[in-house]
Structure formats: C-alpha cells, structure tokens
Amino acid sequence: MKKKLQVQTGGKLYLAGEYAVLTAGQSAIIKNIPIYMTATVEAAPVITIQSDMFHYQVGMNPDGNYTLIQQTISNFAAFLRQKIENLAGFTLEISGKMERQGVKFGIGSSGSVIILTIKALSAFYQQHLTADTVFKLAAYTLLKSGDNGSMGDLACIAYNELICFTAFDRQRVKAWIDQEPIQTVLEKDWGYTIEPLKPALNFDFLVGWTKTAALSGDMIRLVKGEIKQDFLLHTQEQVQKLKNALLEGEKETVKASLARVSDLLQDLHPAIYSKPLLLLKQAAEGLDAVAKSSGSGGGDCGFALSFDSKTTEDLCKRWQTAGIEVLVIEHCEDK
Ligand code: PMV
Ligand code: MG
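- Under an unreviewed UniProt entry, the name given to the protein chain is phosphomevalonate kinase, and the organism recorded is Streptococcus chenjunshii.
- Database annotation for the protein chain, UniProt heading Pathway (unreviewed entry): "Isoprenoid biosynthesis; isopentenyl diphosphate biosynthesis via mevalonate pathway; isopentenyl diphosphate from (R)-mevalonate: step 2/3."

**A word on the overall build of the protein chain**
And then number 1: Within the protein chain, the secondary structure is distributed over 11 helices and 13 strands.
And then number 2: For the protein chain, whose C-alpha radius of gyration is 20 Å, the value lies close to the compact-globule estimate of 20 Å for 335 residues.
And then number 3: Projecting the C-alpha coordinates of the protein chain onto the three principal axes gives extents of approximately 60 × 40 × 40 Å.
And then number 4: In the protein chain, which comprises 335 residues, the share counted as buried stands at 54%.
And then number 5: Within the protein chain, contacts between residues separated by at least 24 positions form 74% of all contacts whose residues are at least 6 apart in sequence.
And then number 6: When the accessible surface of the protein chain is totalled, it reaches about 14,600 Å², and 49% of it is carbon and sulfur.
And then number 7: Here the protein chain holds 34 positive side-chain charges and 37 negative ones, and the gap between their average locations is 3 Å.

**Details of the UniProt feature "domain: GHMP kinase N-terminal" (unreviewed entry) in the protein chain**
And then number 1: On the UniProt side, "domain: GHMP kinase N-terminal" (unreviewed entry) is annotated at positions that read residues 75-159 here.
And then number 2: End C-alpha atoms of residues 75-159 are separated by 20 Å, and the span's content is 51% helix alongside 12% strand.

**Overview of the pairing of strand S3 (residues 48-51)**
And then number 1: As judged from the four bridges shared by S3 and strand S5 (residues 90-95), these two strands associate in the parallel manner. Bridge assignment links Thr 48 to a residue of S5, and that residue is Thr 91.
And then number 2: Note that S3 and strand S4 (residues 57-58) share two bridges and pair antiparallel. For Ile 49, the partnering residue across the bridge sits in S4 and is Val 58.
And then number 3: Counted along the chain from S3 to the antiparallel partner S4, the turn is five residues long.

**Quick notes on the packing of helix H2 (residues 109-124) against helix H4 (residues 152-159)**
And then number 1: Running from N to C, H2 and H4 point in directions that differ by 50°, and their axes come no closer than 9 Å. Judged by the angle between their axes, H2 and H4 are oblique. Taken as a pair, H2 and H4 cross one another with a handedness that is right-handed. Mapping the contact onto sequence places Gly 111, Ser 112 and Ile 115 in H2 and Asp 153, Leu 154, Ile 157 and Ala 158 in H4.
And then number 2: Residues of the contact of H2 with H4, tallied by class, amount to four nonpolar, two polar and one charged.

**Side note on the packing of aromatic side chains**
And then number 1: Per the counting criterion, the structure on display carries 17 aromatic pairs.
And then number 2: These aromatic residues form a ring-pair network of at least three members: Phe 76, Phe 79, Phe 90, Phe 124 and Tyr 125.
And then number 3: The ring of Phe 205 is capped by Lys 31, whose NZ or CZ atom sits 5.1 Å from the centre of that ring.
And then number 4: Above the face of the Trp 176 ring, Lys 188 is positioned so that its terminal group lies 4.8 Å from the ring centre.

**Comments concerning helix H9 (residues 251-268)**
And then number 1: Counted at 1.5 Å a residue, the expected span for H9 with its 18 residues is 26 Å, and the 26 Å between its end C-alpha atoms agrees.
And then number 2: Residues of H9 that are buried: Val 254, Lys 255, Ser 257, Leu 258, Val 261, Ser 262, Leu 264, Leu 265 and Leu 268.
And then number 3: On its buried face, H9 sits against strand S1 (5-16), helix H7 (216-223), helix H8 (229-248), helix H10 (275-282), strand S11 (289-293) and strand S12 (301-306).

**Structural notes on the site of ligand 1**
And then number 1: Near ligand 1 you find Lys 12, Tyr 14, Glu 18, Tyr 19, Val 21, Leu 22, Gly 149, Ser 150, Ser 216, Ile 220, Gly 295 and Ser 296, and these make up its full shell.
And then number 2: Between ligand 1 and the protein, one listed contact pairs an oxygen atom with a side-chain N or O atom of Lys 12 at 3.0 Å.
And then number 3: Note that an oxygen atom of ligand 1 is positioned 2.6 Å from one of the side-chain N or O atoms of Ser 150.
And then number 4: Considering ligand 1 on its own, with 380 Å² of exposed area, one finds that the protein chains cover 92% of that surface.
And then number 5: Put simply, the parts of the chain that give the shell around ligand 1 at least two residues each are S1 and H7.
And then number 6: Of the residues contributing to the shell around ligand 1, the split by class is five nonpolar, five polar and two charged.

**A look at the environment of Leu 13**
And then number 1: Mapped onto the fold, Leu 13 is located in strand S1.
And then number 2: Leu 13 gets classed as buried once you look at its relative accessible area, which sits at 2%.
And then number 3: Through-space distance from the C-alpha of Leu 13 to that of Asp 178 is 30 Å; in sequence the pair is 165 residues apart.
And then number 4: Dropping the residues within four chain positions of it, Leu 13 is found in contact with Ile 29, Ile 30, Lys 31, Ile 33, Gly 106, Ile 107, Phe 205, Val 207, Ser 294, Cys 301, Gly 302 and Phe 303.

**With respect to the pattern of salt bridges**
And then number 1: For the structure on display, the rule yields 16 salt bridges.
And then number 2: Glu 42 is the salt-bridge partner of Lys 4, the closest N and O atoms lying 3.9 Å from each other. Taken together, the positions of Lys 4 in the segment before S1 and Glu 42 in strand S2 (residues 27-43) put the pair 38 residues apart, joining distant regions of the chain.
And then number 3: Assessed through its relative accessible area of 26%, Glu 42 is described here as partly exposed.
And then number 4: A salt bridge links Lys 188 to Glu 180; the shortest N-O distance between them is 3.4 Å.
And then number 5: Accessibility expressed as a relative area gives 25% for Lys 188, which makes it partly exposed.

Calculation criteria
Residues numbered from 1 in each chain as written. Chains lettered and ligands numbered in written order. Predicted model: local features only at pLDDT ≥ 70, side-chain atom pairs only at ≥ 80, totals over all residues. Heavy atoms only, no water. UniProt positions renumbered as here; feature names shortened; annotations may be inferred. Helix = DSSP H or I, 4+ residues; strand = E, 2+ residues; numbered from the N terminus. Rg over C-alpha atoms; globule rule 2.2 N^0.38 Å. Buried < 20%, exposed > 50% of the residue type's maximum accessible area, 1.4 Å probe, protein only. Contact = heavy atoms within 4.5 Å. Areas by Shrake-Rupley, 256 points an atom, 1.4 Å probe, with all protein chains shown as cover. Lys, Arg positive; Asp, Glu negative; His and termini not counted. Charge placed at Lys NZ, Arg CZ, Asp CG, Glu CD. Pairing = 2+ DSSP bridges. Axes fitted to C-alpha atoms, helices over the stretch in contact; angles between N-to-C directions. Parallel < 35°, antiparallel > 145°, perpendicular 65-115°, else oblique. Left-handed = near helix turned anticlockwise from the far one by under 90°. Nonpolar A, V, L, I, M, F, W, Y, C, P; charged D, E, K, R; others polar. Phe/Tyr/Trp six-rings, centres within 6.5 Å; stacked < 30°, edge-to-face > 60°. Lys NZ or Arg CZ within 6 Å of the ring centre and 35° of its normal. Expected span 1.5 Å × (residues − 1). Near = heavy atom within 4 Å. Polar contact = N/O pair within 3.5 Å; in protein donor to acceptor, adjacent residues only side chain to side chain. Salt bridge = Lys/Arg side-chain N within 4 Å of Asp/Glu carboxyl O.

Shown next as structure tokens:
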C-alpha cells in the first residue's frame, strides 16, 4: 500500500423541498454541484490529518477544527471492527475550500468533507462501498454528533447526482445508534429513499452566490416552529410535480413548481429570503428562466434554471448588477 490514492467529492444545492424534508416521509430534490474537494491518502506510521482550511495538522487527539473528520475516522474504524490504534496508519490531506476569503459558499462543505473522508478511507482499506453505504456511514456520523439536518445533503453528495430524497425518522435511527453496534445499525432499513433523476430537458443550471454566509443549524432553529401541516402538504405536492416534470421534460411545469415552492418558503419565514436572495430571484422575471433561494436561505446561494443561452447571458448580467456572483454555469442535457 505505497501508492497515493486520490478521491473527490462535490457540493450540493437544494432545488425544492427544503425545511419540509426535516419531517420523515417528506421529499426534496437536491442537485450535485461541480465544485470539488480532493483528498489524498497514503500509508504512514501514524494517522495524520491536514486540511487546507487550517494551518496545522492533527492526529486523533480531539481538535475542534477537525472534529468531523476525526469522528468520521473513528466511526469508520468501528465499521471495520478495528480499534483506532490497531488501524494501519495514513496521512490524509484535504484540499479544495468551498469558500472565498473565509466566507463559505454554502454548498455543503461539511457534508462533503465527511463523504470525502469515507471515500478516502474506503479506497485506502480497499473496501468497495456502495453510494448507499457511504451515505449511511456519513449520516451515522452526523446523527451521532447531534446534527439537526435532514441528511439530504449527504445523500446528494454520496450519489453525486440529481436526486429525490425522501426523509427517514432520525429519532428512531439515533436511538439505534445509541444502543446497537454500527454494523447492525447500518444493516437496518432506515426508511429513506434516494432516487437518482435524469431530466428529459435541456437547460443551463446557474448557481448564484450572495457572498453572505448563513448557518443552516441556526436557520433551522429559527424556522422550525413555523413548519405546519399545510406547508408540508403543499411542498410535497410541488416536489412531486417538479420531479415528474423534470423526468418528462415539461418545462412550464418545472418553472411553475419551482416558483410555487419558492413562494411557500417566502411565506414560511421572512429570514429565508434575505435581500440578495430576493434580488437573485427577481432577476429571472420576464426571462425564460426561473430562480430561487436554496436550502435554509438567509444567505449562501440561490440557483436558476435557464432555457436558452441568451437568457443565461442576460441573467448573469442581471445577477452581476445585483451583486450576485455566478459560481457555476452547468449545461444539463437530456440524455
Ligand atoms: O442551507 P442548506 O443547503 O444546508 O440546506 C438546508 C436545508 C434544510 O431543509 C433547511 C435543512 C436540511 O438539512 O434538510
Ligand atoms: Mg445554506
């Protein structure tokens, strides 16, 4: 095992279903984002971890900045039925910050670093894990650490494609985690579904960055109390419409359902549509496009679907005028 191994993970953005998907049984559509983190792993006498986010490296002694990575490694060792001190040592180097000048993009860097670590370790220890097992291992780590998210981000990053994620009962899985060995927990049916989607539609997918950061955990705490049955029902209906319209190539329904889930979010809590996100959305008005906030909102990124190249150009200009930075333009083709 002398070779250096390299793996990558991308980012994610919620297209529809955010906040609703915190409830078991609700669905969200989540898109992979082609901005990547890279991990290099190679054999070494002891475990050493270095991320380009920080100016120092660590081992397995708990370090606040490296907690997620260290917990992922510990859980992976347990998954292999090994004690950390008996594991073959390695150096893990992580690069590719999903941020600029200390301001994060909000495209899922914490989820991405967990999946990245799992992919690096499975390559290093020659485990051939399915995307589904990678997802479960990552969700295990976040649930155990007390994270309050739906885990949809992890599903999208593990599969690295556009997915429809239907949420599981996290309390139930957390109880299993507290009481049973990791292997048993991973073998169980958690009750989620992850459905890769291949849209029958050509469009440009644009990511617009507000250059302001919002913490999903804080936003969830702020908004959670406002999530009522009506919001769940209406959101689920639109998510299903959007999914079918993507699969069937019905552009007008895609636009209408995204506009409708956007309105539902705007009515849910005023903090979701911050000023820059409102500008990002309004920029698509009158164009053959639709734009919306993504995820918990309050900052980070929004996105747009544009249906011709002239529209994409106009939208980019409008976003620039509004102070929105275009992070990604991805041409998505009906395959
Ligand atoms: O802001 P993001 O991209 O982390 O998305 C959060 C989406 C929520 O539904 C609000 C929370 C979650 O984990 O599903
Ligand atoms: Mg966010």
